[in-house]
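# Architecture and fold: a report
Letter by letter, the chains look like this.
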Amino acid sequence: MTGARHRYLIALGSNMRVAGIGGPRAVLSRTIDAFAEADIGVQQASRIMSSAPVGPSLRRYANAAVLAESALAPDEMLASLQELEHRFGRRRKGAPWRARPLDLDIVLWSGGYFASPELLIPHPLFRERSFVLKPAAEIAPHWRDPVTGFTLRQLAARVA
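I will try to describe carefully the structure that is included in this document. Quantities reported herein were computed from a predicted structural model and do not represent experimental measurements.

Moving on, we come to the overall build of the protein. The helix and strand inventory of the protein stands at four helices and seven strands. Sequence-ordered secondary structure for the protein, helices as α and strands as β, is β-α-β-β-β-α-β-β-β-α-α. Counting all 160 residues of the protein, 48% fall into the buried class. For the protein, long-range pairs separated by at least 24 residues make up 64% of all intrachain contacts whose partners lie at least 6 apart in sequence. Roughly 8000 Å² of accessible area belongs to the protein as shown, and the carbon and sulfur atoms make up 54% of that amount.

Here it is in structure tokens:
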């Protein structure tokens, strides 16, 4: 871990029940609570919203966003989020658009751009996804996309 504190905007999604937890909304609530165990301090969480699936999945999604702070660098944050997904039953095999118990994506971070073979920040598709932008704009309306210069509120209004 590095000593500097970073801020992250993380998108959360679920469209499956998880044994011992419950349906997608309960999964997201429990995930927000579990961030603390992963050295991720949640500063603010959006409401949990419902959205239609992207791709062939038939189940609706529960979606939310959190503003988080951590000393984890982006690649470490990605590993930590993937470990949380795994704890909630996510397996990274098969079709990319299938139902999933938990999906966590780094959308933005306080360092602006980040690129590695495993991770791109800003998330390359977030500007066209209302299920990411609406919860994100609720908690960070003035955070600017470093690529377009638009705020999250402006981007959310464009996909409404």
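Below, the discussion takes up the pattern of salt bridges. This structure, assessed with the given rule, holds four salt bridges. Where Arg 127 meets Asp 145, a salt bridge forms, and the shortest distance between an N and an O atom there is 2.5 Å. Taken together, the residues span a long stretch of sequence, with Arg 127 in the loop between strand E7 (120–121) and helix H3 (130–139) and Asp 145 in the loop between H3 and helix H4 (152–159) at a distance of 18 residues. In this structure Arg 127 comes out as partly exposed when scored by relative accessible area, which is 23%.

Our next topic: unusual backbone geometry. Leave glycine aside and you will find that most residues have negative phi; peptide bonds, for their part, are mostly trans. Put simply, Ile 121 and Pro 122 share a cis peptide bond, and its omega is 5°. Unlike most non-glycine residues, Asp 39 shows phi in positive territory, near 60°. Within the fold, Asp 39 resides in the loop between helix H1 (24–34) and strand E2 (41–45).

What follows deals with the pairing of strand E1 (residues 6–14). The side chains of a regular strand alternate between the sheet's two faces. Of all nine residues in E1, eight are buried, a share of seventy percent or more. Strand direction decides the pairing type here: E1 and strand E4 (residues 61–70), joined by nine bridges, are antiparallel. From the neighbouring strand, Ser 14 faces E4, where its bridge partner is Ala 62.

Moving on, we come to the packing of H3 against H4. What describes two packed helices is the angle between their axes and the distance between those same axes. Between H3 and H4, the shortest axis-to-axis distance is 9 Å and the interhelical angle comes to 140°. When the axes of H3 and H4 are compared, the pair comes out oblique. Between H3 and H4 lies a crossing whose hand is left-handed. Across the interface between the two elements, Ser 130, Leu 133, Lys 134, Ala 136 and Ala 137 of H3 pack against Leu 152, Arg 153, Leu 155, Ala 156 and Val 159 of H4. Its residues assigned to classes, the contact of H3 with H4 comprises seven nonpolar, one polar and two charged.

Below, the discussion takes up the packing of aromatic side chains. Scanning all chains against the criterion turns up two aromatic pairs. Between Trp 109 and Phe 114, the ring centres sit 6.3 Å apart and the planes meet at 90°, which makes this aromatic pair edge-to-face. Within the aromatic cluster, the residues linked to one another by ring pairs are Tyr 8, Trp 109 and Phe 114.

Each value, and the rule that gives it
- Residues numbered from 1 in each chain as written.
- Predicted model: local features only at pLDDT ≥ 70, side-chain atom pairs only at ≥ 80, totals over all residues.
- Heavy atoms only, no water.
- Helix = DSSP H or I, 4+ residues; strand = E, 2+ residues; numbered from the N terminus.
- Buried < 20%, exposed > 50% of the residue type's maximum accessible area, 1.4 Å probe, protein only.
- Contact = heavy atoms within 4.5 Å.
- Areas by Shrake-Rupley, 256 points an atom, 1.4 Å probe, with all protein chains shown as cover.
- Salt bridge = Lys/Arg side-chain N within 4 Å of Asp/Glu carboxyl O.
- Pairing = 2+ DSSP bridges.
- Axes fitted to C-alpha atoms, helices over the stretch in contact; angles between N-to-C directions.
- Parallel < 35°, antiparallel > 145°, perpendicular 65-115°, else oblique.
- Left-handed = near helix turned anticlockwise from the far one by under 90°.
- Nonpolar A, V, L, I, M, F, W, Y, C, P; charged D, E, K, R; others polar.
- Phe/Tyr/Trp six-rings, centres within 6.5 Å; stacked < 30°, edge-to-face > 60°.

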